[in-house]
Amino acid sequence: GAGVSQSPSNKVTEKGKDVELRCDPISGHTALYWYRQRLGQGLEFLIYFQGNSAPDKSGLPSDRFSAERTGESVSTLTIQRTQQEDSAVYLCASSLEGWGGNTEAFFGQGTRLTVV
Amino acid sequence: AQSVAQPEDQVNVAEGNPLTVKCTYSVSGNPYLFWYVQYPNRGLQFLLKYITGDNLVKGSYGFEAEFNKSQTSFHLKKPSALVSDSALYFCAVSGLTDKLIFGTGTRLQVFP
């Protein structure tokens, strides 16, 4: 597609359930980022992929969070045993170059996760 | 450690007046600097970037930013603000060995 696509756009889940968020980056973009944006706050870095590997996953808040990327394309962010504090908009971005690259990142519309 | 600071939570300016949104950064080596804008209920949009060369960078919608190495700043500016510029603005930085990280954002409110 022309841009970064994220699905679902909205997800309401019960506390304790697992959720999977998907990101389809722009074709050919080697770098992929996940960020979290809580209501009224800035972007919190979660994890960065260069190709299929994740050289920096320092932002993942706990071991309940994991992410993978396959085929240098689609990425999934999984949150296990969701908690109410996980409620946020999860943003995915991709860029042509990655680590140390100077190309801008293009963002998806985000997945709004609400844990009830 | 890599960091970005946006010292103002909100900036208010009258339409037609010049605006400045401040950003300072810390990164090892030469920085790559970016500004993004987030309109209500819309995704983040790229405005402009500084990689190398001219310290004054021009971007979308009439915005520009000035890279100041000695002050480690990259302030966003526009000569004449529009009400439609009202949005949330994010400064971001990456480097040769640093991931792309964002500031906390500054809400720009332009009053008619």
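An account of the accompanying structure is given in this report. None of the values given here were measured: they were computed from a predicted structure.

## Observations concerning the state of the cysteines
Residue and element names in this part refer to chain A.
At step 1: Inspection of the entire model under this criterion finds two disulfides over all chains.
At step 2: For Cys23, the disulfide goes to Cys92, at an S-S distance of 1.9 Å. Residues Cys23 and Cys92 share a disulfide whose torsion about the S-S bond is about -70°; that sign makes it left-handed. With Cys23 in strand S3 (residues 19-24) and Cys92 in strand S9 (residues 88-95), the pair connects residues that are 69 residues apart, well separated along the chain.

## Considering unusual backbone geometry
At step 1: The linkage connecting A:Ser7 with the following residue, A:Pro8, adopts the cis geometry, with an omega of -10°.
At step 2: Among the structural elements, A:Pro8 can be located in the loop between strand S1 (5-7) and strand S2 (10-13).
At step 3: Backbone geometry places B:Tyr61, a non-glycine residue, at a positive phi of 60°.

## Some words on the interface of chain B and chain A
At step 1: Taken together, the contact between chain B and chain A spans 23 residues of the former and 20 residues of the latter.
At step 2: For the pairing of chain B and chain A, the buried interface totals around 1700 Å² over both sides, and the portion due to carbon and sulfur atoms is 57%.
At step 3: Looking only at chain B, the three residues that lose the most surface to chain A are B:Leu44, B:Lys99 and B:Leu100, adding up to 32% of its buried area.
At step 4: The interface formed by chain B and chain A holds one salt bridge in total.

Procedures and definitions
Residues numbered from 1 in each chain as written. Chains lettered and ligands numbered in written order. Predicted model: local features only at pLDDT ≥ 70, side-chain atom pairs only at ≥ 80, totals over all residues. Heavy atoms only, no water. Disulfide = S-S within 2.5 Å. Helix = DSSP H or I, 4+ residues; strand = E, 2+ residues; numbered from the N terminus. Contact = heavy atoms within 4.5 Å. Buried area = accessible area lost by both parts, 1.4 Å probe. Salt bridge = Lys/Arg side-chain N within 4 Å of Asp/Glu carboxyl O.

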